[in-house]
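What follows is each chain in one-letter form.
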Amino acid sequence: MPAVEIRPPDSVLMVLGRLWAAGHAGYVVGGSLRDVLLGREPADWDMATDARPERLVELFPGAVYENRFGTVAVREGGAVHELTTFRSDHEYADFRRPHRIEFGDRIELDLARRDFTINAMAWGADADGADATVSEAGAVDRMPEPVLVDPHGGLLDIQTRTLRAVGDPRARFEEDALRMVRAVRLAATLDLSVETGTLAAIRAKAGLVAHLSGERLSAELDKLLGAEWPSVGLRLMAVTDILGVLSPELAAQRGIPQNKIPGDDLWDHTVRTVDAVPVDRPVVRLAALLHDIGKPATMSDGHFRNHDAVGAELTAQLLGRLRTPRAVAERVVHLVRHHMFTYDPSWGDAGVRRFIRRIGRDALESLFTLRAADNIGSGQPPDAHDIGELRRRVREQLEADVVLDRADLAVDGDDLITELDLAPGPTLGRILDELLERAIADPAINDRPTLLLLAQSMLTEDR
Ligand code: ATP
Ligand code: MG
C-alpha cells in the first residue's frame, strides 16, 4: 500500500479508535478522502465500518439512524460524523438506485460498488480488538497503523486528475444513470478530465438519464452550477448529449449562429454567461443557464422575437420537472422573463421608479447581475448599454423617500374602506393601483389627505 499522509481531525480518529478497540474495521472513505488527497478541505469526514447499525448504536451513545442504507450519525469529540456499514448494492432497477442492499464484511467489496476510482479509496484499518484500547476520554492506545486501500488505482487518477469509472463504465452507468451526471459535475467541481472510455460510455448511455428523478438530477445540477467554471461540466453535458435529455431546448442552442462573439454559437454564449455570474449567486447562475432557452423556438429571420416570454414558460416547465423549490423557480422564471429589459438615459426619475416597480425591489440586484453576465457572455463590458447608469439611478431612488410599491403609499386598503365606505373587492384594488401609478409619477402627492381626495374622485368617475 502506498504511504500517504492523512491527518483527520481528532474527532474522526476517536471514532475510528472506538471501532478498532471494539474489534471492528474503520475507514475514512469516499468524497472526503478524495478531497484530502486533492488538497481540498473536505466538507465532512465520511467513515465506513463492518459493524452493523445496531452495533453502532451500542458502541456510540446517542447515535441515530439516518436512513435504511445503514448510515448512522455518531457523536464523538464534540462533532457529529456519519458512519456507514460496508455494503454491496444489489438489484438495480430502472437504471436508478439499488432496490435492495446487502451489508458486507470487507472494505474491498464496499469500494467496488462506488462510482469513480477517486471515490473508491479508503484509509483506515481492519483492527482486531486485542490491539487497540480506548480510554474514557476517547484517547486511543496502540492504534493499528492505518493504510490506504486503493484497489482501483484512484491515487494515480488523482495525481493525473482523471475521472474514471470503477469497473466497466457502461455497466456501471446502466446500474445507475445518475453516475453520468455525477461524472460531468465532478469534472467541473474538481477540475478533472474524464477518461476516454468513461466518456465514450456516457455518450453511449446518456439516454438513460431520462429515467432519473428530477430531485436527483437537480441536486447534481446545483452542485455543477456551484463550480468555479460550470462551463466545463455544461460543455461535457453537451458533447455527451446528457444536455439533450435534460433539455432539448438548450441542446438546440448548439449551432445557432449569433453575431456576438465571432465563431461562437448560442450555446457558447449561454455557457460564457453562466461562468460570468459570481459563484455565490446560484439563483442567477441558474437563470443565466436558462435565459435564452426560448431562442431556438422563436428563431425567425435572424430574430428571436418574444424569446423572453417563451423562455420564461419553458423555464417554468423545466424547473417543474426538476422539482426545483417553488420559491427558487419563481425567481428564476422572473429573471428569464425580464432579462431583455432596456434603458434609455432620457428616462425621467418616474421612469426609473416604474422600472423598479415592474421588476420588483427584490429582483433588481439579481437582474443586474444577470445582465452584467449576459454582457460579458456577449463579449461586452459588464455595464454595456448604460447599465451602470441605470444601476446608479435605481440606487438613488431606492435610497430616496419615494413611492415604489403599495406599501409605500400613505394610505392602504383599510383606510379606503373606512374613509370612503368602500367594500373590499376589485374596485378597491383598481383604486390602489391607480394611486400607486400617480404617486410613482409624482411623489409629492403621497400624503393621506391628497390620496383620499384623489381616491374619492376616482370613485365618482367610476360610478
Ligand atoms: P460531494 O463532494 O458533493 O459530497 P461525493 O462524491 O462525496 O461528492 P456524495 O453524494 O457525498 O458525493 O457520495 C459519497 C460517496 O458515495 C462518493 O464519494 C462515492 O464513493 C459514493 N457514491 C455516491 N453516489 C454514488 C452513486 N450514484 N453510485 C456509486 N457510488 C456513489
Ligand atoms: Mg460527500
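Criteria and thresholds
Residues numbered from 1 in each chain as written. Chains lettered and ligands numbered in written order. Predicted model: local features only at pLDDT ≥ 70, side-chain atom pairs only at ≥ 80, totals over all residues. Heavy atoms only, no water. Helix = DSSP H or I, 4+ residues; strand = E, 2+ residues; numbered from the N terminus. Rg over C-alpha atoms; globule rule 2.2 N^0.38 Å. Buried < 20%, exposed > 50% of the residue type's maximum accessible area, 1.4 Å probe, protein only. Contact = heavy atoms within 4.5 Å. Areas by Shrake-Rupley, 256 points an atom, 1.4 Å probe, with all protein chains shown as cover. Expected span 1.5 Å × (residues − 1). Near = heavy atom within 4 Å. Polar contact = N/O pair within 3.5 Å; in protein donor to acceptor, adjacent residues only side chain to side chain. Nonpolar A, V, L, I, M, F, W, Y, C, P; charged D, E, K, R; others polar. Domains from an automatic or database assignment. 1 Å grid on protein atoms, 1.4 Å probe; cavity = no way out; pocket = protein on both sides within 12 Å on 5 of 7 lines; lining within 4 Å. Points joined across faces, edges and corners; volume = space filled by probe spheres on them. Salt bridge = Lys/Arg side-chain N within 4 Å of Asp/Glu carboxyl O. Pairing = 2+ DSSP bridges. Arc of directions from axis to C-beta. Core = buried A, V, L, I, M, F, W, Y, C linked by side-chain atoms within 4.5 Å. Phe/Tyr/Trp six-rings, centres within 6.5 Å; stacked < 30°, edge-to-face > 60°. Lys NZ or Arg CZ within 6 Å of the ring centre and 35° of its normal.

K.L.:
Is there a simple way to explain the overall build of the protein in this structure?
P.N.:
For the protein, the helix and strand inventory stands at 23 helices and 13 strands. Relative to the compact-globule value of 23 Å for 463 residues, the protein shows a C-alpha radius of gyration of 29 Å, a clear excess of over 25%. Within the protein, buried positions represent 52% of all 463 residues. For the protein, the share of sequence-separated contacts (at least 6 apart) that also reach a separation of at least 24 residues comes to 68%. Total accessible area on the protein is roughly 21500 Å²; 49% of this is exposed by carbon and sulfur atoms.

K.L.:
Looking at this model, I keep getting lost on helix H16 (residues 307–321). Mind explaining?
P.N.:
Because an α-helix packs 3.6 residues into every turn, residues spaced three or four apart end up facing the same way. End to end, H16 covers 21 Å across 15 residues, agreeing with the expected 21 Å (1.5 Å per residue, within 8%). Among all positions of H16, only His-307, Asp-308, Gly-311, Ala-312, Leu-314, Thr-315, Leu-318 and Leu-319 are buried. In the core, the buried residues of H16 are packed alongside helix H11 (242–246), helix H12 (248–251), helix H14 (282–290), helix H15 (295–298) and helix H17 (326–338). In the stretch just after H16, Arg-323 is the one whose phi turns positive, near 55 degrees.

K.L.:
Got a minute to help me understand the site of ligand 1 in this structure?
P.N.:
As a structural note, the neighbourhood of ligand 1 is formed by Gly-30, Gly-31, Arg-34, Arg-113, Arg-114, Asp-115, Asn-119, Asp-176, Arg-179, Arg-182, Arg-185 and Lys-223. Within the backbone of Asn-119, an N or O atom sits 3.0 Å from an oxygen atom of ligand 1. Within the side chain of Arg-179, one N or O atom sits 2.8 Å away from a nitrogen atom of ligand 1. Coverage of ligand 1 by the protein amounts to 73% of the 590 Å² it exposes when considered alone. Taken together, the elements giving at least two residues each to the shell around ligand 1 come down to helix H2 (30–37) and helix H7 (178–190). For the shell around ligand 1, the class distribution of residues is no nonpolar, 3 polar and 9 charged. For the shell around ligand 1, the two domains that each supply at least three residues are domain 1 (10–159) and domain 2 (166–242).

K.L.:
Help me out: how do you make sense of the layout of surface pockets in this one?
P.N.:
Gaps left between atoms show up when a probe the size of a water molecule is rolled over them. Of the voids in this model, the second largest pocket is the one considered here, and its volume is about 480 Å³. Lys-260, Lys-295, Met-340, Ser-378 and His-385 are, among the 20 residues lining the second largest pocket, the residues nearest its centre. Ranked by residues supplied to the lining of the second largest pocket, first place goes to helix H19 (residues 361–377) with 3 residues. Taken together, the residues of the lining of the second largest pocket sort by class into 5 nonpolar, 10 polar and 5 charged.

K.L.:
Looking at this model, I keep getting lost on the pattern of salt bridges. Mind explaining?
P.N.:
Pairing is possible between side chains that carry opposite charge, provided their charged atoms lie close to one another. What the rule picks out here adds up to 30 salt bridges. Linking Arg-52 and Asp-105 is a salt bridge whose minimum nitrogen-to-oxygen distance equals 3.5 Å. Here Arg-52 is found in the loop between strand E2 (47–49) and helix H3 (53–59), whereas its partner Asp-105 is found in the loop between strand E7 (98–103) and helix H4 (107–112), with 53 residues between them in sequence. Put simply, Arg-113 and Asp-110 hold a salt bridge, and the shortest N to O gap is 3.4 Å. Exposure remark for Arg-113: the relative accessible area of 16% places this residue in the buried category. Among the residues examined, Asp-110 registers a relative accessible area of 0% and is labelled buried. When salt bridges that share partners are traced, they join Asp-115, Arg-182, Arg-185 and Glu-220 into one network.

K.L.:
Sorry, what's going on with the pairing of strand E1 (residues 25–29) here?
P.N.:
As a general feature of sheets, a regular strand has side chains that alternate between the two faces. Counting buried positions along E1 gives 5 out of 5 residues, so the element sits mostly inside the fold. Pairing between E1 and strand E8 (residues 122–126): 5 bridges, direction antiparallel. Bridging from a neighbouring strand, Tyr-27 pairs with Gly-124 of E8. As paired elements, E1 and E2 share 3 bridges and run antiparallel to each other. In the strand pairing of E2, Tyr-27 is matched with Ala-48.

K.L.:
Can you walk me through the side chain of Ser-11 in this structure?
P.N.:
The residue Ser-11 is located in helix H1 (residues 10–21) in this model. If sequence neighbours within four positions are ignored, Ser-11 has contacts with Glu-76, Gly-77, Ala-79 and His-81.

K.L.:
I tried to follow helix H21 (residues 413–420) on my own but got confused; where do I start?
P.N.:
Restricting attention to buried positions, one finds in H21 the residues Gly-413, Asp-415, Leu-416 and Leu-420. Around the axis of H21, the buried residues are gathered within 160 degrees of arc, so they sit on the same side. Those residues of H21 that are exposed and aimed more than 90 degrees away from the buried face are Asp-414 and Thr-418. Measuring from the side-chain oxygen of the N-cap residue of H21 to the backbone nitrogen of Asp-414 gives 3.2 Å; that N-cap residue is Asp-412.

K.L.:
How do you make sense of the nonpolar core when you look at a structure like this?
P.N.:
Most often, soluble globular proteins keep nonpolar side chains buried together rather than apart. Of all hydrophobic cores here, the largest spans 102 residues; its most connected members are Phe-60, Met-237 and Leu-290. Examining the composition of this core, we find that 9 residues originate from one element, H7, more than from any other. Those residues in contact with Leu-290 that lie beyond four places of it in its chain are Leu-250, Thr-315, Leu-318, Leu-319, Val-332 and Val-336. Residues Val-403, Ile-431, Ala-439 and Leu-452 belong to the second largest nonpolar core, which totals 20 residues.

K.L.:
Would you explain the packing of aromatic side chains in this entry?
P.N.:
We describe a pair of aromatic rings using the distance from one ring centre to the other and the angle between the two ring planes. Using the criterion set out here, one finds 6 aromatic pairs in the structure. Taking the centre distance of 6.0 Å and the plane angle of 80 degrees together, the rings of Phe-341 and Phe-368 count as edge-to-face. Of this pair, Phe-341 sits in the loop between H17 and helix H18 (349–359) while Phe-368 sits in helix H19, placing them 27 residues apart in sequence. By the burial criterion, Phe-341 is buried, and Phe-368 matches it. Relative to Trp-347, the ring of Tyr-343 has its centre 5.0 Å away and its plane inclined at 85 degrees; by these criteria the two rings are edge-to-face. Pairwise contacts between aromatic rings join Phe-341, Tyr-343, Trp-347, Phe-355 and Phe-368 into one cluster. Across the ring face of Phe-341, the terminal group of Arg-371 is positioned such that the distance to the ring centre comes to 4.0 Å.

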